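# Topology and contacts: notes
One-letter residues, chain by chain:
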Amino acid sequence: MSSNKHHTFQDYIYSTYSNKNSGTAASYLKAIQILDELFQIKDIFNLKGRSLSEIKDPYLIERIIDYIAEEEDKYRHGEISLFDLGKSTQTSYPRKRFCTAAIRRLGEFVNLICCEDATDIMRSSTHKGSKLSSDLLKRFNINDKGTDKEIRAKLRVGQNIFRAMLLEIYDAKCCITGIDIPEVLRASHIVPWTECIDTRLNPENGLCLSATYDAAFDKHLITFDEDYRLVLSPVLKEEYTSEAFKTHFLKYEGTTIVLPSMFKPSQDYLSKHRAKLIV
């Protein structure tokens, strides 16, 4: 069973805006209701009477977001649009772009549900990371096929899922420093996303690093040896002698990273990364 914290979009939206303008959540929910009524009149996306808040497909939501944004623009410029079919008492919603804002919040919710579902699957998996990745790629239909918009949507969904899994197994802490501020943590791919489809959602192909170390790892200025100890590029040590460098890099040289609770980073992937260390 899924461990989703927010079971419905309403739960999510009230939680998100609980300490802010109390009218915002209600306005977003009203906007979704207005869109539901409009799609019952003109069923553009073959929803067959379903509420938008019931949709769990992130790619369908992306298409609807784009459509609603375009229709709001038309309406605001006096052109014929979906909103001409609505009630005259509800014109402020598209005029103030509440409908686009609301459907975007719904998109965030759907992406959150995808991440939580993927994390639940990972927790209960008895397979290696490669099999888990294969299963998740199929389940969430993440590949390079589709229009440019669809590919970008799949990239966002896939990277959000990968980040959620990495933060889960690393207890939301940088594996080098232990910093635990989620906003500055990155899910670093060892083998880059663009280089291999099979490894994209493999947690063994990831490290949880704070932004500074993620950037250094991505630029091959740092890597990790066969015992998971931090290795610095000789170039770094030759060119930088500041106290900041000593504090943030030299201090950790040779330090073993904190390994995750499951799906340890693959040494096969790390060996490929080590081969690219700038020397």
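This text goes with the structure placed above it.
Residues numbered from 1 in each chain as written. Predicted model: local features only at pLDDT ≥ 70, side-chain atom pairs only at ≥ 80, totals over all residues. Heavy atoms only, no water.

### Considering the overall build of the protein chain
Our working rule: Working definition: helices are DSSP H or I runs of at least four residues, strands are E runs of at least two. Numbering for both runs from the N terminus. Relative accessibility under 20% of the residue-type maximum defines a buried residue, over 50% an exposed one, and the middle range a partly exposed one, all with a 1.4 Å probe and only protein chains included. Contacts are residue-level and defined by heavy atoms, with any inter-residue pair within 4.5 Å sufficient. Shrake-Rupley sampling with a 1.4 Å probe provides the accessible areas, and residues are treated as covered by the protein chains on show and by no other component.
Helices and strands together make up the secondary structure of the protein chain, namely 11 helices and four strands. Projecting the C-alpha coordinates of the protein chain onto the three principal axes gives extents of approximately 70 × 40 × 35 Å. Counting across all 279 residues of the protein chain, residues that qualify as buried make up 46%. Long-range pairs, those at least 24 residues apart, make up 65% of the contacts in the protein chain between residues at least 6 apart in sequence. Carbon together with sulfur atoms contributes 50% to the accessible area of the protein chain, which is approximately 14700 Å² in total.

### Notes on the packing of helix α5 (residues 98-124) against helix α6 (residues 129-139)
For clarity, the cut-off: With axes taken as lines fitted to C-alpha atoms, and helix axes fitted only over the stretch in contact, angles between N-to-C directions fall between 0 and 180 degrees. Between 65 and 115 degrees an angle is taken as roughly perpendicular, under 35 as roughly parallel, over 145 as roughly antiparallel, and anywhere else as oblique. In a left-handed crossing the near helix is turned counterclockwise from the far helix by less than a right angle, and in a right-handed crossing that turn is clockwise. Amino acids are sorted into nonpolar (Ala, Val, Leu, Ile, Met, Phe, Trp, Tyr, Cys and Pro), charged (Asp, Glu, Lys and Arg) and polar (every other residue, Gly among them).
Two numbers describe how α5 lies on α6: the axes approach to 11 Å, and their chain directions differ by 150°. Compared by their axis directions, α5 and α6 come out roughly antiparallel. In this structure, the crossing between α5 and α6 has a hand that is right-handed. Residues Ala 118, Ile 121 and Met 122 of α5 form the contact with α6, whose own contacting residues are Leu 132, Leu 136 and Arg 139. Within the contact of α5 with α6, the residues separate by chemical class into five nonpolar, no polar and one charged.

### What about helix α1 (residues 9-16)?
Convention followed: What the arc measures is the spread of directions leading from the helix axis to the C-beta atoms.
The complete set of buried residues in α1 reads Phe 9, Tyr 12 and Ile 13. The arc that holds the buried residues of α1, viewed along the axis, is 90°, so those residues lie on one side.

### Examining the packing of aromatic side chains
Going by this rule: Pairing of aromatic rings covers Phe, Tyr and Trp, the last through its six-membered ring, and needs centres within 6.5 Å; plane angles under 30 degrees mean stacked, over 60 mean edge-to-face, and all others mean tilted.
Tallied over the full model, the rule gives 15 aromatic pairs. Ring centres of Tyr 17 and Tyr 28 lie 5.6 Å apart, and the angle between their planes is 75°; on these two criteria the pair is classed as edge-to-face. Highlighted residues: Tyr 17 in the loop between α1 and α2 (22-41) and Tyr 28 in helix α2, separated in sequence by 11 residues. For the pair formed by Tyr 17 and Tyr 28, the shared burial category is buried. Centroid distance Tyr 28 to Phe 98: 6.2 Å. Interplanar angle 65°. Geometry classified as edge-to-face.

### Focus: the state of the cysteines
Convention followed: The criterion for a disulfide is a pair of cysteine sulfur atoms lying within 2.5 Å.
Taken as a whole and judged by the stated rule, the model has zero disulfides. With no disulfide of its own, Cys 114 lies 6.9 Å from the sulfur of Cys 115, the closest cysteine sulfur.

### A word on the nonpolar core
For clarity, the threshold we go by: Here, nonpolar core means buried Ala, Val, Leu, Ile, Met, Phe, Trp, Tyr and Cys residues that are tied together by side-chain atoms lying within 4.5 Å of each other.
In this structure, Ile 142, Ile 161, Ile 176, Leu 201, Leu 207, Ile 222 and Phe 224 are the most contacted members of the largest nonpolar core, which totals 46 residues. Broken down by secondary-structure element, the contributors of at least two residues to this core are α5, α6, α7 (148-169), β2 (206-210), α8 (211-218), β3 (222-224), β4 (230-232) and α11 (267-274). If one sorts the elements of this core by residue count, α7 sits on top with eight residues. Excluding its chain neighbours within four sequence positions, the residues that come into contact with Phe 224 are Ile 176, Leu 207, Leu 209, Phe 217, Arg 229, Leu 230, Val 231, Ile 257, Leu 270 and Arg 274.

### Some details on the environment of Arg 95
Tracing the backbone through its elements, the reader meets Arg 95 in helix α4 (residues 92-95). Residue Arg 95 is classed as partly exposed on the basis of its relative accessible area of 44%. When the C-alpha atoms of Arg 95 and Asp 225 are compared, they prove to be 57 Å apart, with 130 residues separating the residues in sequence. Dropping the residues within four chain positions of it, Arg 95 is found in contact with Tyr 75 and Arg 76.

### Quick look at the pattern of salt bridges
Keep this limit in mind: Criterion for a salt bridge: a side-chain nitrogen of Lys or Arg within 4 Å of a carboxyl oxygen of Asp or Glu.
Tallied over the entire structure, the rule returns 15 salt bridges. Here Arg 156 and Glu 62 are joined by a salt bridge, their closest N and O atoms 2.7 Å apart. With Arg 156 in helix α7 and Glu 62 in helix α3 (residues 58-76), this residue pair connects regions lying 94 residues apart in the sequence. We note a salt bridge from Glu 226 to Arg 274, for which the minimum N-O separation is 4.0 Å. With Glu 226 in the loop between β3 and β4 and Arg 274 in helix α11, the pair connects residues that are 48 residues apart, well separated along the chain.

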